[in-house]
There are 2 protein chains.
Amino acid sequence: MLKLVFRAGISKRAYSAKAVKLTVETYPNLQRGDYGTLEESDLTRFRSILGDSSVFVDDIEGYNEDQMRKYRGQSQVVLKPKTTSQVSEIVKHCNDRKLAICPQGGNTGLVGGSVPVFDEVVVSLSGMSQIRSFDETSGILKVDAGCILESTDQFLAEKGYIFPLDLGAKGSCQIGGNVATNAGGLRLLRYGSLHGSVLGIEAVLPDGTVFDSMHSLRKDNTGYDLKQLFIGSEGTLGIITGVSVLCPARPKAVNVAFLGVESYEAVQDTFSKAKRELSEILSAFEFMDRESQVVNKKFLKAPHPLAEGSDEIPEYPFYILIETSGSNKEHDDAKLEQFLETSMEDGTILDGTVSQDEAQTRTLWAWREGISEASQIEGGVYKYDVSLPLSKLYDLVIAARERLREANLIGETDEYPVVDPVGYGHVGDGNLHLNVCVRRYTKEVEKVLEPFIYEWISQHHGSISAEHGLGFQKKNYVHYSKSDVEIAMMKDLKRHYDPNGILNPYKYI
Amino acid sequence: MLKLVFRAGISKRAYSAKAVKLTVETYPNLQRGDYGTLEESDLTRFRSILGDSSVFVDDIEGYNEDQMRKYRGQSQVVLKPKTTSQVSEIVKHCNDRKLAICPQGGNTGLVGGSVPVFDEVVVSLSGMSQIRSFDETSGILKVDAGCILESTDQFLAEKGYIFPLDLGAKGSCQIGGNVATNAGGLRLLRYGSLHGSVLGIEAVLPDGTVFDSMHSLRKDNTGYDLKQLFIGSEGTLGIITGVSVLCPARPKAVNVAFLGVESYEAVQDTFSKAKRELSEILSAFEFMDRESQVVNKKFLKAPHPLAEGSDEIPEYPFYILIETSGSNKEHDDAKLEQFLETSMEDGTILDGTVSQDEAQTRTLWAWREGISEASQIEGGVYKYDVSLPLSKLYDLVIAARERLREANLIGETDEYPVVDPVGYGHVGDGNLHLNVCVRRYTKEVEKVLEPFIYEWISQHHGSISAEHGLGFQKKNYVHYSKSDVEIAMMKDLKRHYDPNGILNPYKYI
């Protein structure tokens, strides 16, 4: 009956593989919280709130497993409300009964935050997917939380607007989930964080109260900006049911350049220059190391953009993808051309290509966007999503490789669990993705990498989670990024708003 | 000994006028809270924390009066800490003794939020004015709360960067105060709100705890974004002592055009077109009605930009100021020229002038920025700073004038208290400034305007405070913009963090 939710970045092959290990088996010391246990009378109540066809108890594996296939919960029921008041009634009932809840959007999270750990009731927002309103003068959009990012952006494209967020999982992630996890992604450099562009939120609080703050004003200084608390709270303070967001005008001209440079220093120099010279039209500045291109080539099975007829990847140690977006193609072309010419002349850029049409643009982006999925092609991947001061950003990849070598875990043959670490990410945001590509998940590799990587980040004043969030995976590592005072305040806030701890337990804080 | 703080927008004349009425005289029903009373032993303690030279008990009128000359408190002591730990010790002592505190930045607020009401201890941040650090690659700036906005922006200008906020009071307002009041201002259209650009905050909590969250990462998803609570909390949850902010590259080219149009519809049409055609270089879109220009002319005593040799203001009912900022002067000029040409051709714009140099740019801006000060030239002004849907924005000015006429309060001679209401503001942000220029403050005018204006805004789903905040003036009107659930949550939050209610009482919520 129930179809598996399509998840971007997961090939069908993955589903035919053996079952994902239960989270409680992987982490045998985990204790179930003192919550109520689902009874037939609860199901009866859920059915009376939602109707029989929105309460699912069979074929719900897809809601228990995360897309990384690292975590699997044991929820017995998935609820798909269609209205905010249904969400409210569900939550109120669960709070009265002390039943734990796992709110779920598109289930594309990368830190185990969107799947249950024990037997939490899954509240899926996928039944709430209506666009509520759009104002064509102001660009203010109001949507249900379950709207898919990509289809919402397509709706906006027809109106000459763009959603101020873009990320790899756009085909399945939901806007409510994006806001709940404060998703960053590819357009942050240009359009800023969701803390700036989200104008209003509707959320159901842990006691079932509907917090209706769906404002549509760009400026409103009448009291604490409470909606901000929900942005990035990963479903632990409330279930987001609606979002009001300010959307910018869609750029008329988009250019993409793919460049080869000789060092990480050249990456930084090119970024500084791009900020000065491309300035207001710069919409993305991404970097990739050569190792990431090697891995991606196995996945894309296509010639590299700078290969010039050869089947090899050129020897440049670093690659850069620059995107410009503007309102005048001629002006943008002139700025980019001037920028590339002077950078080639002074030797900062060694090689490069510029897209001539939309198809080429997509191809160039694939050599950046494909890395995430490509990283698991040999069996699995340990993903680290970190913020660091720009000058230190790549040193972490070098340090990780060195440490794996010392532990004799990395090599070209099957006896070594690790294939290679690869580094890439959003230079413009100081955001590195370090993917340690492995043939298999082993405790040994995990122990060599953690807490080493978190300690390294902490020493260099970075963040252990730039955009992926905390979820289950990083719950116990927050102290590497936040002080005792900050952590105490967070725990206090959670206790204050959710005294029974029913919302998304075992995670976050 | 103690100099009066210079306040932008207030002429010296104002200070020679008669004393400002005490707030408790104007509002005789106000009750002092159940707070401790300042004793000699408290002063001794303050002197031991700060040293004698940072504790002021004489000549402190400037700290008791607001810049609108509408509110005057009766504080007996002004403290000027130089370090965060001094602020912490002061607050801890006050909390132990239940002494109320009024935190104060540049005291340029417009809603009576920055001056005491009764005998609160004034904690002025003006002694903390060091730039802590600036990263020239990332543009991330860390400052003490007491840094003056304008001098900070001058510091950034030398480095090729710009502060993402600009407002009329920049010469005296402080960055801590800007953040505490979530100031909006002139650059919001381009650089977004402080909720997006502030990366970190250091604040002293009501019990004296130092909340050190001075992060400098563009992306950090490790827990609740607690700093957001302090942005716009007007000193009621903590005293901001430090700010970390992301600064954009300073534009190399700035153009300003000043235009005359025939209707408010033409203002909206021009805005829609500017968003499409000037797009990424559009940095300000301001409108002014003719009445605002009449008032401003009395103040500026200069020929109007569109007067063409005459001493009259042209008959256009609405004026527009457009600013573009970009990285390539030639491209920007071409875009603006094309925009203006087609708009003149199709009749949307009737007249206009474009600045040729920096001096002209400043002159054109003066016809927008001067209105605020000009509005009180006849004696006083009732200021309303509101957000409304764009199509309804100017209707409020018409409705207010109509209502004042009906009450027979508006006229050209001295018997009428009201001179005229004028309307202007940030169209790009849906933010109207309605200034009712008066010859004198009277209860009659106030009663005709309030709550009428707030009700009108509420009916049209606007905000009663777009950027000025709540302060003392709008504390009791929050329900016109926020729901019962929102207000209950705000009150709960205040109680939770400040159970003794010592921080900035009688205001906000």
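Residues numbered from 1 in each chain as written. Chains lettered and ligands numbered in written order. Predicted model: local features only at pLDDT ≥ 70, side-chain atom pairs only at ≥ 80, totals over all residues. Heavy atoms only, no water.

Trainee: Help me understand the sheet that holds strand 5 (residues 131-135) of chain B, please; the structure alone is not making it clear to me.
Mentor: Backbone-to-backbone hydrogen bonds join strands into a sheet, with any given pair of strands oriented parallel or antiparallel. Residues and elements named next belong to chain B. Taken in spatial order, the five strands line up as 5-6-9-7-8 in an open sheet, and their pairing is antiparallel. Strand pairing shows two members of the sheet lacking a second neighbour, strand 5 and strand 8 (210-213), which therefore form its edges. Across the sheet, the mean angle from the axis of one strand to that of its neighbour is 10 degrees, orientation sign disregarded. With four bridges connecting them, strand 5 and strand 6 (residues 140-144) associate as antiparallel partners. Residue Ile131 lies in a different strand from strand 6, and its bridge partner there is Val143. (Pairing = 2+ DSSP bridges. Helix = DSSP H or I, 4+ residues; strand = E, 2+ residues; numbered from the N terminus. Axes fitted to C-alpha atoms, helices over the stretch in contact; angles between N-to-C directions.)

Trainee: What should I look at first to understand the domain arrangement of chain A in this one?
Mentor: A common way to express how large an interface is: the accessible area buried when the components associate. By domain assignment, chain A separates into domain 1 (12-124), domain 2 (131-246), domain 3 (253-372) and domain 4 (375-468). A straight line from the C-alpha centre of domain 1 of chain A to that of domain 3 of chain A covers 42 Å. (Domains from an automatic or database assignment.)

Trainee: What's the story with the pattern of salt bridges in this structure? I'm lost.
Mentor: Pairs may arise between side chains of opposite charge once their charged atoms sit close together. Considering all chains together, one arrives at 56 salt bridges over all chains under this definition. Where Asp225 of chain A meets Lys227 of chain A, a salt bridge forms, and the shortest distance between an N and an O atom there is 2.9 Å. Using a relative accessible area of 15% as the deciding quantity, one classes Asp225 of chain A as buried. Its salt-bridge partner being Arg187 of chain B, residue Asp153 of chain B comes within 3.7 Å of it at the nearest N-O pair. Placement of the pair is Asp153 of chain B in helix 6 (residues 149-158) and Arg187 of chain B in the loop between helix 7 (175-180) and helix 8 (188-191), with a sequence separation of 34 residues. Like Arg187 of chain B, Asp153 of chain B is buried. (Salt bridge = Lys/Arg side-chain N within 4 Å of Asp/Glu carboxyl O. Buried < 20%, exposed > 50% of the residue type's maximum accessible area, 1.4 Å probe, protein only.)

Trainee: I keep staring at helix 12 (residues 290-300) of chain A and nothing clicks. Help me out?
Mentor: A turn of α-helix holds 3.6 residues, and therefore any two residues three or four places apart point the same way. Within helix 12 of chain A, burial applies to Arg290, Ser292, Gln293, Val295, Asn296 and Lys297 of chain A. Of the residues flanking the end of helix 12 of chain A, it is Lys301 of chain A, one or two places downstream, whose phi is positive at about 50 degrees.

Trainee: Can you help me understand the pairing of strand 12 (residues 318-326) of chain A in this one?
Mentor: In summary, the side chains of a regular strand alternate between the two faces of the sheet. Residue and element names in this part refer to chain A. Burial analysis of strand 12 places nine of its nine residues in the buried class, the great majority of the element. Side-chain alternation along strand 12 places Phe318, Ile320, Ile322, Thr324 and Gly326 on one buried face and Tyr319, Leu321, Glu323 and Ser325 on a second face that is also buried. In the sheet, strand 10 (residues 253-261) pairs with strand 12 via nine bridges, with the strands oriented antiparallel. Bridge pairing in strand 12 links Ala253 to Gly326.

Trainee: What should I look at first to understand the environment of Glu455 of chain B in this one?
Mentor: Residues and elements named next belong to chain B. Structurally, Glu455 is set in helix 18 (residues 452-459). You can call Glu455 partly exposed: its relative accessible area is 34%. Spatially, the C-alpha atoms of Glu455 and Tyr27 are 22 Å apart, while their sequence positions differ by 428 residues.

Trainee: So what exactly am I meant to see when it comes to the packing of helix 16 (residues 395-406) of chain B against helix 18 of chain B here?
Mentor: Between two packed helices, what matters for the description is the angle formed by their axes and the separation of those axes. All names here are of chain B. Where helix 16 contacts helix 18, the two axes come as close as 11 Å, and the packing angle between them is 145 degrees. The crossing of helix 16 and helix 18 is right-handed. In this structure, helix 16 uses Asp395, Leu396, Ala399, Ala400 and Arg403 to contact helix 18, whose residues at the interface are Phe452, Ile453, Trp456 and Ile457. Residues belonging to the contact of helix 16 with helix 18 are distributed by class as follows: seven nonpolar, no polar and two charged. (Left-handed = near helix turned anticlockwise from the far one by under 90°. Contact = heavy atoms within 4.5 Å. Nonpolar A, V, L, I, M, F, W, Y, C, P; charged D, E, K, R; others polar.)

Trainee: Explanation requested: the interface of chain A and chain B in the structure shown.
Mentor: Contacts between the two partners involve 87 residues from chain A, matched on the other side by 86 residues from chain B. In total, chain A and chain B occlude about 6,600 Å² of area from one another, counting both sides; carbon and sulfur atoms represent 56% of this. By the criterion of area lost to chain B, the three top residues of chain A are Lys219, Asn221 and Tyr224 of chain A, representing 16% of everything that side buries. In this structure, the connection of chain A to chain B is made through six salt bridges. For the salt bridge of Asp220 of chain A with Lys482 of chain B, the shortest nitrogen-to-oxygen distance reads 3.6 Å. (Buried area = accessible area lost by both parts, 1.4 Å probe.)

Trainee: It is not clear to me how the sheet that holds strand 1 (residues 55-56) of chain A should be interpreted in this structure. Could you clarify?
Mentor: All names here are of chain A. One open sheet holds the four strands; their spatial order is 1-2-4-3, and the pairing between them is mixed. Both outer strands of the open sheet, strand 1 and strand 3 (101-104), are each paired with one neighbouring strand and no more. Pairing geometry for strand 1 and strand 2 (residues 78-79), over two bridges, is antiparallel. Paired with Phe56 across the bridge in strand 2 is Val78.

Trainee: Would you take a moment to explain the relation of the copies chain A and chain B for this structure?
Mentor: Between the two copies of the chain lies a rotation about an axis combined with a shift along it. Rotating chain A by 180 degrees and translating it 0.0 Å along the rotation axis places it on chain B, where the RMSD comes to 0.0 Å. In short, the pair behaves as if placed about a two-fold rotation axis. Across chain A, the smallest distance between a C-alpha and the rotation axis is recorded for Gly196 of chain A, namely 2.1 Å. With an isologous cut-off of 70% or more, the 99% of interface residues of chain A that recur at the interface of chain B puts this contact in the isologous class. (Least-squares fit on C-alpha atoms with pLDDT ≥ 70 in both.)

Trainee: What is the right way to look at the side chain of Gln104 of chain B in this model?
Mentor: Residue and element names in this part refer to chain B. Along the chain, Gln104 turns up in strand 3 (residues 101-104). Assessed through its relative accessible area of 2%, Gln104 is described here as buried. Among the polar contacts listed, one links the side chain of Gln104 to the backbone oxygen of Ser114, at a separation of 2.7 Å. (Polar contact = N/O pair within 3.5 Å; in protein donor to acceptor, adjacent residues only side chain to side chain.)

Trainee: Mind showing me how you'd approach the UniProt feature "domain: FAD-binding PCMH-type" (unreviewed entry) in chain A here?
Mentor: Cross-referencing UniProt, the feature "domain: FAD-binding PCMH-type" (unreviewed entry) maps to residues 71-250 of chain A in the present numbering. Between the end C-alpha atoms of residues 71-250 of chain A there is a gap of 38 Å, over a span that is 23% helix and 22% strand. (UniProt positions renumbered as here; feature names shortened; annotations may be inferred.)

Trainee: Explain the state of the cysteines here, please?
Mentor: Each disulfide consists of one covalent bond between the sulfur atoms belonging to two cysteines. According to the stated counting rule, one finds zero disulfides over all chains in the structure shown. In this structure Cys173 of chain B is not part of a disulfide, and its nearest cysteine sulfur, from Cys147 of chain B, lies 12 Å away. (Disulfide = S-S within 2.5 Å.)

Trainee: I tried to follow the packing of aromatic side chains on my own but got confused; where do I start?
Mentor: Residue and element names in this part refer to chain A. Considering all chains together, one arrives at 44 aromatic pairs over all chains under this definition. Ring geometry for Tyr382 against Tyr441: centres 5.4 Å apart, planes inclined by 90 degrees, an arrangement best described as edge-to-face. With a gap of 59 residues between them, Tyr382 in strand 14 (residues 380-387) and Tyr441 in the loop between strand 16 (431-438) and helix 17 (443-449) connect regions that are remote in the sequence. Take Tyr382: its relative accessible area is 2%, and that puts it in the buried class. Taking the relative accessible area as the measure of exposure, Tyr441 reaches 35% and is therefore partly exposed. Here the aromatic cluster, defined as three or more aromatic residues joined through ring pairs, consists of Tyr264, Phe287, Phe318 and Tyr394. Positioned over the ring face of Tyr27 is Lys443, at 5.4 Å from the centre of the ring. (Phe/Tyr/Trp six-rings, centres within 6.5 Å; stacked < 30°, edge-to-face > 60°. Lys NZ or Arg CZ within 6 Å of the ring centre and 35° of its normal.)

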